[in-house]
Amino acid sequence: MSNVIEMTHPLIQHKITRLRDKNTGTAEFSSLVEEIAMLMGYEALKDLPLEEIEIETPIETCKSPVIAGKKLAIVPILRAGLGMVSGVQALVPTAKIGHIGLYRDEVTHIPHEYYCKLPNPISERLIVVTDPMLATGGSAIAAVDFIKQHGGKKIKFMAIIAAPEGLKKLQEAHPDIQIYVGHIDRELNENAYICPGLGDAGDRIFGTK
Ligand code: PRP
Ligand code: URA
């Protein structure tokens, strides 16, 4: 799986275990999602281009590197992807934030779009799509389709937990994007929930159900 990067860092694995625990409450759950997103963002952004600028230190003038080009766009898939935004934004405070609203039909598991607003123009920006869960892959594929239709070219997808089935579908649909996953789980169950997974990420982040 060449365009899939699975995280191996012990801190990420430890935090994912805390997320999976059904006794982890809303406040801790949403903090963990934010922290994992920041750690994953550090990895996903390690190839950001740099350019040298001249600055004056208190001692002398020197050339020093800064991030080059248009600032990146973070695009959460609503709702659960919202929980990852602040973690990535902490790394790049000037990032623009787009939103894609998708919900999965509980019976068919097909994603339905209800909202979309992207930074304009999107074509020159690196776009980091966030969603904690990649299950059938339907939501991820629809979101990336949509971003591409709007001119997005450089796209990275970040999911905390992925099912092998959905990951394969996303790779087949969009072989040109890089996919960062915290952990690849065993399989989907008959309700298209990830096993062992962590349950419904949106409900656990926002304390609904
Ligand atoms: C969840 C999750 C993903 C989607 C993954 O969202 O956050 O967006 O399901 O499933 P898929 O890979 O099979 O498409 P959900 O539709 O439950 O909406 P929510 O974030 O508003 O809870
Ligand atoms: N969405 C979730 O929040 N969890 C799953 O296991 C599958 C889809």
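About the criteria used
Residues numbered from 1 in each chain as written. Chains lettered and ligands numbered in written order. Predicted model: local features only at pLDDT ≥ 70, side-chain atom pairs only at ≥ 80, totals over all residues. UniProt positions renumbered as here; feature names shortened; annotations may be inferred. Helix = DSSP H or I, 4+ residues; strand = E, 2+ residues; numbered from the N terminus. Buried ≥ 20, exposed ≤ 12 C-beta atoms within 10 Å, placed from the backbone. Pairing = 2+ DSSP bridges. Core = buried A, V, L, I, M, F, W, Y, C linked by C-beta atoms within 7 Å. Contact = placed C-beta atoms within 7 Å. Near = placed C-beta within 6 Å. Nonpolar A, V, L, I, M, F, W, Y, C, P; charged D, E, K, R; others polar. Axes fitted to C-alpha atoms, helices over the stretch in contact; angles between N-to-C directions. Parallel < 35°, antiparallel > 145°, perpendicular 65-115°, else oblique. Left-handed = near helix turned anticlockwise from the far one by under 90°.

Draft legend 1. Structural context of the UniProt feature "binding site: uracil" (unreviewed entry) in the protein. Residues given the UniProt feature "binding site: uracil" (unreviewed entry) here are Ile194, Gly199, Asp200 and Ala201. By secondary structure assignment, the location of Asp200 is in the loop between β13 (194–195) and α6 (201–206). Residue Asp200 is classed as partly exposed on the basis of its C-beta count, with 14 C-beta atoms lying within 10 Å. The class for Ala201 is buried, based on 25 C-beta atoms found within 10 Å.

Draft legend 2. Representation of the pairing of strand β7 (residues 111–117) in the model. Of the strand pairs in this sheet, strand β6 (residues 99–104) and β7 are connected by 6 bridges, and their pairing is antiparallel. If you follow Arg104 over to β7, its bridge partner there is Pro111. The turn joining β6 and β7, which pair antiparallel and follow one another in sequence, is formed by 6 residues; a positive phi near 70 degrees is taken by His109.

Draft legend 3. Examining the nonpolar core more closely. The biggest cluster of nonpolar side chains holds 53 residues, and the ones touching the most others in it are Ile127, Val128, Val129, Leu134, Phe157, Met158 and Ala159. With near-sequence residues (within four places) excluded, Leu134 lies in contact with Ala140, Ala159, Ala162, Ala163, Gly166, Leu167, Leu170 and Val181.

Draft legend 4. Inspection of the site of ligand 1 at higher detail. Surrounding ligand 1, one finds 23 residues, the nearest of these being Ala80, Arg104, Thr136, Ser139 and Gly202. Split into classes, the residues belonging to the shell around ligand 1 amount to 13 nonpolar, 7 polar and 3 charged.

Draft legend 5. View of the UniProt feature "binding site: 5-phospho-alpha-D-ribose 1-diphosphate" (unreviewed entry) in the protein. Mapped onto the present numbering, the UniProt feature "binding site: 5-phospho-alpha-D-ribose 1-diphosphate" (unreviewed entry) falls at Arg79, Arg104, Asp131, Pro132, Met133, Leu134, Ala135, Thr136, Gly137, Gly138, Ser139 and Asp200. Take Arg79: it is sitting in the loop between β4 (73–78) and α3 (82–91). The exposure class assigned to Arg79 is partly exposed, which follows from the 18 C-beta atoms found within 10 Å. The contact partners of Arg79, leaving out residues within four places of it in the chain, are Gly202 and Phe206. With respect to the secondary-structure elements, Gly137 resides in the loop between β9 (133–134) and α4 (138–149). Contacts of Gly137, omitting those with residues within four sequence positions, involve Gly166, Leu167, Lys169 and Leu170.

Draft legend 6. Fine view of the packing of helix α2 (residues 26–44) against α3. Contact geometry of α2 with α3 gives a least axis separation of 7 Å together with a crossing angle of 45 degrees. As the angle between them shows, α2 and α3 are arranged oblique. Between α2 and α3 lies a crossing whose hand is right-handed. Contact residues: Ser30, Val33, Glu34, Glu35, Ala37, Met38, Gly41 and Tyr42 in α2; Gly83, Met84, Ser86, Gly87, Val88, Ala90 and Leu91 in α3.

Draft legend 7. Here's a closer look at the site of ligand 2. Taken together, Ala80, Met133, Ala135, Tyr193, Ile194, Gly197, Asp200, Ala201 and Gly202 are the residues near ligand 2. In terms of residue class, the shell around ligand 2 is made up of 6 nonpolar, 2 polar and 1 charged.

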